[in-house]
Amino acid sequence: MEKVSQKKNSEGQKVSNTPQCPVVKKCGGCKGFGLSYNQQLQKKVKVLEEQCGQFGKFEPIAGMKNPYHYRNKVHAVFGEDRRHNIISGIYEEGTHRIVPVDSCLLEDKRADEIIVSIRGLLKSFKIRPYHEDTGYGLFRHVLIRTGYATGQIMVVLVLASPILPSKNNFVKALLKLHPEITTIVLNVNSKDTSMILGEKETVLYGKGYIEDTLLGKTFRISSRSFYQVNPVQTEKLYQKAIAYADLSGKETVLDAYCGTGTIGLIASGSAKEVIGVELNSAAVKDARINAKQNRVSNIMFYEKDAGEFIRQMAEQQASVDVVFMDPPRAGSTEVFLDSLVTLKPKRIVYVSCNPETLARDLRYLKRKGYRMAKGAGVDMFPWTSSIEAVVLLTPQKR
Ligand code: SAH
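Residue positions are given per chain, counting from 1 as you read along its sequence in written order. Per-residue local features are limited, in this predicted model, to residues with pLDDT of at least 70; the limit for side-chain atom pairs, both in listing and counting, is 80 or more; totals at the level of whole chains, interfaces and linings are taken over all residues. Note that the side-chain values use all heavy atoms of the structure and ignore hydrogens as well as water.

Overview of the layout of surface pockets
Estimates place the volume of the second largest pocket at around 490 Å³. Starting at the N terminus, helices and strands are each numbered in turn, a helix being any DSSP run of H or I of at least four residues and a strand any DSSP run of E of at least two. Residue assignment for the lining of the second largest pocket shows that the elements contributing at least two residues are strand S4 (73-80), strand S5 (86-91) and strand S7 (139-146). Per-element accounting of the lining of the second largest pocket gives the leading share, 4 residues, to S4. Every definition here rests on a 1 Å grid over the protein atoms only: cavities are sets of points where a 1.4 Å probe fits but cannot get out, pockets are open sets enclosed by protein on both sides within 12 Å along at least five of seven lines, and lining residues have some atom within 4 Å of a point. Grid points are joined across faces, edges and corners, and a volume is the space filled by probe spheres set on the points.

What follows is the structure, given as structure tokens:
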């Protein structure tokens with residue numbers, strides 16, 4: 001599947017080292033096909049400059065040495081073709097038709113192999129895949145999460161109803177084929193929904209979660225928790241963010257939109273104290289466990305809307321030296337940014353997965369007296385069009 005092409009594209013540019021994927025068009029995830037990896041990086045730099053270059057200078061983008069098979073979270077949907085053969089893969093872009101995929105250039109190879117094996121087991125165990133249109137059938141999705149540094153592997157089997165026939169034998173057979181699996185979870189999703197996971201879960205084997213390490217700290221990852229999908233680049237991103245924060249050990253640090261507490265926990269060793277705020281309750285639970293596991297005692301996590309939380313901090317005239325903020329694609333809010341400015345931090349480190357909302361928020365902060373001191377792109381998602389960046393803001397000198 002990974003043939004190397006030596007062709008030229010329509011603009012006459014060499015596309016050597018561009019691997020071929022048989023479903024590139026139907027899948028639509030890889031917008032970088034036809035370009036070399038270097039050309040993709042330059043394209044991302046251009047977008048970042050166009051959107052945010054007016055606010056300050058960017059350092060060279062950090063790309064990957066080997067930009068393949070980086071995804072530590074892999075999903076496959078199961079169904080049937082016209083001849084009632086079981087298929088697994090991804091949804092065709094913009095539809096609910098399944099494109100069969102056995103291996104993807106972006107996904108962890110071990111995960112893809114496990115998915116193919118599960119497809120074989122469904123046949124031998126006579127387990128029928130679920131049909132979205134009719135609601136018949138049982139087996140809906142497989143979600144696999146892998147720990148890059150630990151090698152741990154979690155397999156989540158998503159069923160439409162709670163009973164997996166011959167459950168114990170199925171688990172035994174899967175472990176025999178893949179002894180590298182460290183935990184297997186059964187998730188029940190009986191709803192007519194495009195969400196992959198349902199609410200109910202039982203652990204069939206192992207601990208029910210995996211762990212991974214980033215910059216010397218260990219993190220617990222459960223089926224639903226948010227964890228960056230490219231661990232190699234995440235370390236570069238966090239390293240850059242922490243370098244920009246320039247901590248001396250005396251600072252009070254706010255980690256806003258903190259997820260499972262990764263940035264704050266890694267920064268905690270060079271700060272006096274860290275306050276983390278996050279809306280998702282499962283993530284906050286994981287963050288607190290992560291603090292305990294890593295024996296970090298100078299960090300507190302709050303389950304709250306980041307805007308509401310920082311507004312209260314500003315009202316109470318709390319003292320904050322450095323703020324990390326890592327909002328979702330929609331960016332931050334005026335409520336958050338207004339209070340952020342009121343707190344007068346010495347440094348704001350803004351981690352963004354969307355240059356468009358980053359530009360909007362940088363413009364707003366500039367009007368309020370914070371300017372971009374420097375920034376850097378980190379390619380978290382090679383072959384896709386997603387762009388990640390980190391920016392340092394400091395108070396404008398008057
Ligand atoms: N910094 C973390 C998570 C970044 S993803 C990491 O690097 O892993 C963005 C996070 O913002 C998600 O965990 C999401 O649940 C959270 N979030 C979204 N809206 C929020 C809000 N209004 N208040 C607080 N957190 C929010």
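Points about the pattern of salt bridges
What counts as a salt bridge is simple: a side-chain nitrogen of Lys or Arg found within 4 Å of a carboxyl oxygen of Asp or Glu. What the rule picks out here adds up to 15 salt bridges. The partner of Lys44 in a salt bridge is Asp379, and the shortest N-O contact between them spans 2.8 Å. In this pair, Lys44 is assigned in helix H2 (residues 37-52) and Asp379 in the loop between strand S18 (370-378) and strand S19 (388-395), connecting sequence segments 335 residues apart. Asp379 gets classed as buried once you look at its relative accessible area, which sits at 2%. Of the charged contacts in the structure, one is a salt bridge between Glu59 and Lys240, with a shortest N-O distance of 3.0 Å. In this pair, Glu59 sits in strand S3 (residues 58-62) while Lys240 sits in helix H5 (residues 231-245), placing the two residues 181 residues apart along the sequence. On the accessibility criterion, Lys240 (25% relative accessible area) is partly exposed. The network of salt bridges with common partners includes Glu308, Arg311 and Glu315. When accessible area is computed with a 1.4 Å probe and restricted to protein chains, residues below 20% of their type maximum are described as buried, those above 50% as exposed, and intermediate ones as partly exposed.

Here we look at the state of the cysteines
Only a pair of cysteine sulfur atoms within 2.5 Å qualifies as a disulfide here. Applying the stated criterion across every chain, the model contains 0 disulfides. With no disulfide of its own, Cys27 has Cys30 as its nearest cysteine by sulfur position, at a separation of 6.1 Å. Taking relative accessible area as the criterion, Cys27 reaches 26% and is therefore assigned partly exposed. This cysteine, Cys258, is not joined by any disulfide, and Cys353 carries the nearest cysteine sulfur, 15 Å off. On the basis of relative accessibility, which here comes to 6%, the residue Cys258 falls in the buried class.

Some words on helix H4 (residues 167-177)
Along H4, the residues classified as buried are Phe170, Val171, Ala173, Leu174 and Leu175. The contact criterion used is simple: two residues touch if any of their non-hydrogen atoms lie within 4.5 Å. Elements that come into contact with the buried residues of H4 comprise helix H3 (109-124), strand S8 (153-159), strand S9 (183-188) and strand S10 (200-205).

Section: the site of the ligand
What makes a residue near a molecule or strand is one non-hydrogen atom of that residue sitting within 4 Å of it. Near the ligand there are 16 residues, and of these Tyr238, Glu278, Asp305, Ala306 and Asp326 occur at the shortest range. In protein, a polar contact means a hydrogen-donor-capable atom and an acceptor-capable atom, both N or O and within 3.5 Å, with residues adjacent in sequence counting only if both atoms are side-chain atoms; elsewhere, any N or O pair within 3.5 Å suffices. Take Thr262: an N or O atom from its side chain is 3.4 Å from an oxygen atom of the ligand. In the environment of the ligand, a nitrogen atom lies 2.9 Å from a nitrogen or oxygen atom belonging to the side chain of Asp326. Exposure was quantified through the Shrake-Rupley algorithm and a 1.4 Å probe, taking into account, for residues, occlusion by the shown protein chains and nothing else. If the ligand stood free it would expose 580 Å²; the protein chains cover 85% of that surface. Residue classes follow a fixed rule: Ala, Val, Leu, Ile, Met, Phe, Trp, Tyr, Cys and Pro count as nonpolar, while Asp, Glu, Lys and Arg count as charged, and any other residue, Gly among them, counts as polar. Of the residues assigned to the shell around the ligand, the class counts are 8 nonpolar, 4 polar and 4 charged.

Re the packing of H2 against helix H10 (residues 355-367)
Note on method: axes are straight lines fitted to C-alpha atoms, helices fitted across the in-contact stretch only, with angles between N-to-C directions ranging 0 to 180 degrees. Between H2 and H10, the least distance of the axes is 9 Å, while the angle of their chain directions is 25°. With respect to H10, the element H2 is oriented roughly parallel. H2 and H10 meet at a crossing whose hand is right-handed. Each of Leu48, Gln51 and Cys52 in H2 lies in contact with H10, whose residues at this interface are Pro355, Glu356, Leu358, Ala359 and Leu362. A class-by-class count of the residues in the contact of H2 with H10 yields 6 nonpolar, 1 polar and 1 charged. For classification purposes, an angle smaller than 35 degrees is called roughly parallel, one larger than 145 roughly antiparallel, one from 65 to 115 roughly perpendicular, and anything else oblique. In this scheme the handedness of a crossing depends on how the near helix is turned from the far one: anticlockwise by less than a right angle means left-handed, clockwise means right-handed.

With respect to the sheet that holds strand S17 (residues 347-352)
Strand order in the open sheet formed by 8 strands is S3-S18-S19-S17-S16-S13-S14-S15, and the pairing between neighbours is mixed. Since the sheet does not close on itself, it has two edges, and those belong to S3 and strand S15 (299-303), each with one partner. Shown here is a sheet whose adjacent strand axes are inclined to one another by a mean of 15°, direction ignored. Where strand S13 (residues 252-256) meets strand S16 (residues 322-325), 4 bridges bridge the pair, whose relative direction is parallel. By the bridge assignment, Asp255 is partnered in S16 with Phe324. Here helix H7 (residues 281-293) sits on the sheet and contacts strand S14 (273-278) and S15; the angle it forms with S15, its principal contact strand, is near 170°. Across the sheet, helix H8 (residues 306-315) touches S13, S14 and S15, and the angle it forms with S14 is around 140°. A pair of strands counts as paired when DSSP detects no fewer than two bridges linking them.

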